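The primary structure of each chain is shown beneath.
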Amino acid sequence: MDRDVIIDFDIDFDDSAARRVRRYVSEVVAGLGLRGDSSFVETEPRVGAYVALDGRLPDFPDHDVALLWNELSGWSAAVEDRRGELVEIARMGGAPEPSSAAVVRWVQGLFRRERARDRSNRDFAAFVPSPRVNDFS
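As recorded by an unreviewed UniProt entry, the protein carries the name DUF6292 domain-containing protein and is attributed to Lentzea roselyniae.

Set out below in structure tokens:
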């Protein structure tokens, strides 16, 4: 066996981008008054984040709410459907990485709104409870 073989791995161990995103998401989490224990930042395959939010949206009073972010499309709000899948219900316009204060204002506006204006991204069928066998008696 030839022990002089040199393997050139081109691996980038610079995690400054990941630290920057973690700091950014932490600012949003703190601005929303959350502890951050139900949120995470991922770096593969794309940089993104998930933040579980406290409270319920007026249009979806029985569903958990999450704030999602990715480096290409920015921030969106999603709720869990009856299958446990996240369904996007609102998207923050503008640049993918607005100030953390702007994100906080946007999220607060979602919770204050009586009815969300844009229903185009909603899969309402996913929120209708499945009929139980005994319901047809």
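Once you've had a look at it, read on.
Let us look at the nonpolar core. One broad trend across soluble globular proteins is that nonpolar side chains are buried collectively. By size, the foremost hydrophobic cluster in this structure holds 28 residues, and its most contacted members are Leu32, Leu53, Leu67, Trp75, Val103 and Trp106. The set of elements that each furnish at least two residues to this core consists of α1 (16-31), β2 (48-53), β3 (65-70), β4 (74-80), β5 (86-91) and α2 (100-112). When residues in this core are grouped by element, the largest group, 6 residues, is from α2. Apart from the residues within four sequence positions on either side, Trp106 is in contact with Leu67, Trp75, Ser76, Ala77, Ala90, Arg91 and Met92.

The next thing to look at is the side chain of Asp81. Along the chain, Asp81 falls in the loop between β4 and β5. Overall, the relative accessible area of 5% leaves Asp81 in the buried class. A polar contact is formed between the side chain of Asp81 and the backbone nitrogen of Arg83, at a distance of 2.8 Å.

Spatially, β1-β2-β3-β4-β5 is the arrangement adopted by the 5 strands of the open sheet, whose pairing is antiparallel. In this open sheet, the two strands that pair with only one neighbour each are β1 (39-42) and β5. The mean angle between the axes of side-by-side strands here comes to 25°, regardless of whether they run parallel or antiparallel. Summarising the sheet, β1 and β2 pair through 4 bridges and their orientation is antiparallel.

Here the focus is the confidence of the model for the protein. With 72% of its residues at a pLDDT of at least 70, the protein reaches an overall mean of 80. For the stretch residues 114-122, pLDDT sits under 50, and the model shows 14 contacts to residues farther than four places along the chain or on other chains.

Note that Ser76 resides in strand β4. Taking the relative accessible area as the measure of exposure, Ser76 reaches 4% and is therefore buried. The contacts of Ser76, once residues within four sequence positions are left out, are Ala66, Leu67, Leu68, Glu88, Ala90, Arg91 and Trp106.

The hairpin formed by β1 and β2 contains 5 residues between the paired strands. Judged from the 6 bridges that link them, β2 and β3 form a sheet pairing that is antiparallel. Following the sheet pairing, Val51 is matched in β3 by Leu67.

Cut-offs used in this document
- Residues numbered from 1 in each chain as written.
- Predicted model: local features only at pLDDT ≥ 70, side-chain atom pairs only at ≥ 80, totals over all residues.
- Heavy atoms only, no water.
- Core = buried A, V, L, I, M, F, W, Y, C linked by side-chain atoms within 4.5 Å.
- Buried < 20%, exposed > 50% of the residue type's maximum accessible area, 1.4 Å probe, protein only.
- Helix = DSSP H or I, 4+ residues; strand = E, 2+ residues; numbered from the N terminus.
- Contact = heavy atoms within 4.5 Å.
- Polar contact = N/O pair within 3.5 Å; in protein donor to acceptor, adjacent residues only side chain to side chain.
- Pairing = 2+ DSSP bridges.
- Axes fitted to C-alpha atoms, helices over the stretch in contact; angles between N-to-C directions.
- pLDDT = per-residue confidence, 0-100.

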